[in-house]
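Structural characterization, general
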Amino acid sequence: MGQVHPPFAFSAAVRVEAAHINAAAAPFCAVIGAGPAGLFAAEVLARAGARVVIYEHKPSPARKFLMAGRGGLNITHSENLDRFVSRYGAAAKRLAPFVRAFPPQALRDFCAELGEATFVGSSGRVFPASFKASPLLRGWLTRLAQLGVTFALRHSFLGFAQDGALRLRGPDGHEFSRAAGAVVLALGGASWPKLGSEGGWVGLLKAAGIEVTPLTAANSGALVRWSPIFRADFEGQPIKTVLLRHGEATARGDMVVTAKGLEGGPVYALSSRLREAAKTDGATTLLVDLRPDTSQVCLARKLSRRPPKQSHATFLRRAGFSKAEIGLLREAQPEGLPRDAEALATLIKNAPLKVSGVAGLERAISTAGGVAFDEVDADLMLRKMPGVFLAGEMLDYDAPTGGYLLQAAFATGRAAGRGAARYLGLLDATGQAGLSPSHLPNSRAPEASNKYSV
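Quick caveat, the model's predicted, so the values are computed rather than measured. (Residues numbered from 1 in each chain as written. Predicted model: local features only at pLDDT ≥ 70, side-chain atom pairs only at ≥ 80, totals over all residues. Heavy atoms only, no water.)

Some thoughts on the overall build of the chain
Helix and strand content of the chain: 14 helices and 19 strands. Expressed as a percentage of its 454 residues, the buried residues of the chain come to 55%. When contacts within the chain are restricted to residue pairs at least 6 apart in sequence, long-range pairs at least 24 apart make up 69% of them. Carbon and sulfur atoms form 52% of the exposed surface of the chain, whose accessible area is close to 19,400 Å². (Helix = DSSP H or I, 4+ residues; strand = E, 2+ residues; numbered from the N terminus. Buried < 20%, exposed > 50% of the residue type's maximum accessible area, 1.4 Å probe, protein only. Contact = heavy atoms within 4.5 Å. Areas by Shrake-Rupley, 256 points an atom, 1.4 Å probe, with all protein chains shown as cover.)

Below is the structure:
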C-alpha cells in the first residue's frame, strides 16, 4: 500500500522524497496535477497495476474542486447525451468519444461508490446529496491511498530533461529529474491561479513545438461600466430570474451586480460569445429580460394602469420591481424611463447593456484555449512526445457551467489514464489487463471496480 495521508491533513503528512522512489518497481507513471482529471487518471492507472505518484505544486490536492463545492458542486448534468455533448461547441466532435465512454451516469455511479449519492435538480443539473465537494474528496483520497497512489505535494513541474525525464522542484527548492514510463499532464488552465492553475505549462509545451491556443477567460463575469450611483447602491445585489440574450443565444437564471459588471449562471453561459464579440468590435450589447415569464403584451397592459402623477420609482416598486431592477433599467436608458406603457414594457423585456468584455482569468471559472486536439492521438498522447498524455483543461475546449466542466475533466482523465496504461503494456487494445499479476508492481493484480473505472 502507498503512503496514506489523513484526509486534508497534508501539512502534517509524511514527506515524500520523490527523487528516491524505487525505479525498479516498474511500470511507473507520474501524474502532474491533483485536480479531478489528474486524480481520476491516477486511479485508472493504479487499478490497471501501475505505480503512480501524483506531483502537485500546492500543499493540498484539488483546491479548485473544493472551491467549486462551495457553490453546491454541480457535478454533471442529466440531459440527453447527444444534447450534452453538443454543449462543448467547436470541440464537441473531439470530446464526444471520451464523454460517451464515461457518460454522466458513470460519474454518478463513481460518486455513489465513494458514499456520495447524487440527485437531479429542477434544472437538470446533478449535485451530490451533501451539496459539498469535501466528503467526496475525502473518500476519494482514502481510496487512492488504498490503491497505492502516492502524493508528492509542493512539487513543481519544470518540464522535461534532454533524456525525456521529468524535471521537478521539491518543497526544499532542490531540483531533480525523475524518469517515468509514462506521464499524464493534468495541470489545468489558468483561471483562479491562486488555487493552482497558473498556465505556466504553456511556454514549456510551445517550446517543444506543441501548438497551444492562447488561454483566455471563460465562464466569467460581463464587464459593464456602471454609473457611480448605481454601483454604490447595488453592488452585491442579486437580480432574480432574468433571461439574457446575445444574438440568437439566450440564458436564464439569477445574476448578481458587481462593481465591474454582472456575474451569475446566465452571464457565464454567454460569456464566451460576449468575449469574442467585444474582442472584435470593442464592445457588444447584452439584452436583459427582467420578466421572462410575462409576455410583452400582458406587461404593457399591466403598466397602462399607472396613475398619471405617480413617479417611475413608486409605480414600478408597486408593480413588483426591486430597487436594483429599477436601477438597471435606468442604466440601460440613462436619458430617462418612458412613461408610455408599450415603450416601458419593451425596455423591461429588452434592457440593453453595453458590455466591454469579460472579467480576467483571476476571476474566471474556467479557461478557453489550450493544446490543440490535432497535437494528441485518440488516447490523448502528444504525438510529438510519446508517453506524455494530457487531460482536463489543458486541452483546447470551452465548456459552459452546468456540470460540463467536471464531466470533461473526469472523462479526459479516464481516457489519458487508460492511454498511459496501454502505453505501459498494462492494458491491451481492448482495454483488458495486459500483464499477469506476477509482473505488476508489488505483484498486485488490478483491483475490482465498476465497469467504467478501468
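Alright, that's what it looks like, and here's the rest.
A look at helix α4 (residues 92-101)
For the α-helix, the turn length of 3.6 residues means that residues three or four positions removed from each other point alike. For α4, the set of buried residues is A92, L95, A96, F98 and V99. The secondary structure elements touched by the buried residues of α4 are α3 (81-86) and α14 (404-423).

Things to note about the sheet that holds strand β17 (residues 351-358)
With respect to topology, 6 strands assemble into a closed barrel ordered β12-β15-β14-β13-β16-β17, the strand pairing being antiparallel. Taken over all neighbouring pairs, the strand axes of this sheet differ in orientation by 50° on average, direction set aside. Strands β12 (222-224), β13 (238-246), β14 (249-258), β15 (261-263), β16 (284-289) and β17 of the sheet are contacted by helix α9 (residues 265-281), whose axis makes an angle of about 100° with β14. Contacts from helix α13 (residues 341-349) reach β13, β16 and β17 within the one sheet, and its direction differs from that of β16 by about 110°. (Pairing = 2+ DSSP bridges. Axes fitted to C-alpha atoms, helices over the stretch in contact; angles between N-to-C directions.)

Quick notes on the pairing of β14
Two strands pair when backbone bridges link them, and β13 and β14 are joined in this way by 7 bridges, in the antiparallel orientation. Residue R245 lies in a different strand from β14, and its bridge partner there is T250. Taking the residues between adjacent antiparallel strands as the criterion, β13 and β14 are bridged by 2 residues, where G247 takes a positive phi near 65°. Here β14 runs beside β15; their pairing, made up of 3 bridges, is antiparallel. Across the sheet, V257 pairs through a bridge with L262, a residue of β15. A loop of 2 residues connects β14 with β15, the two strands running antiparallel in sequence.

Side note on the packing of helix α1 (residues 36-48) against α14
Their axes nearest at 7 Å, the elements α1 and α14 cross at an angle of 35°. The crossing of α1 and α14 is right-handed. Of the residues in α14, those touching α1 at P36, A37, F40, A41, V44, L45 and A48 are L406, A409, F410, G413, R414, G417, R418, A420 and A421. Grouping the constituent residues of the contact of α1 with α14 by class yields 12 nonpolar, 2 polar and 2 charged. (Left-handed = near helix turned anticlockwise from the far one by under 90°. Nonpolar A, V, L, I, M, F, W, Y, C, P; charged D, E, K, R; others polar.)

Brief notes about the packing of α1 against helix α6 (residues 134-146)
Relative to each other, α1 and α6 sit at 35°, their axes nearing to 11 Å. Crossing handedness for the pair α1 and α6: left-handed. Seen from α1, the contacting residues are P36, L39, F40, E43 and R47; seen from α6, they are L137, W140, R143 and L144.

A short note on the packing of aromatic side chains
Within this structure, the stated rule accounts for 18 aromatic pairs. Consider the rings of F40 and W140, whose centres lie 6.3 Å apart with planes at 70°: the pair is edge-to-face. Separated by 100 residues along the polypeptide, F40 in helix α1 and W140 in helix α6 bring together distant segments of the chain. Looking at F40, the relative accessible area reads 0%, which means it is buried. (Phe/Tyr/Trp six-rings, centres within 6.5 Å; stacked < 30°, edge-to-face > 60°.)

Here's the deal with the layout of surface pockets
Reported here for the second largest pocket is a volume of approximately 870 Å³. If you list the elements that add at least two residues to the lining of the second largest pocket, you get α3, β14 and α9. (1 Å grid on protein atoms, 1.4 Å probe; cavity = no way out; pocket = protein on both sides within 12 Å on 5 of 7 lines; lining within 4 Å. Points joined across faces, edges and corners; volume = space filled by probe spheres on them.)

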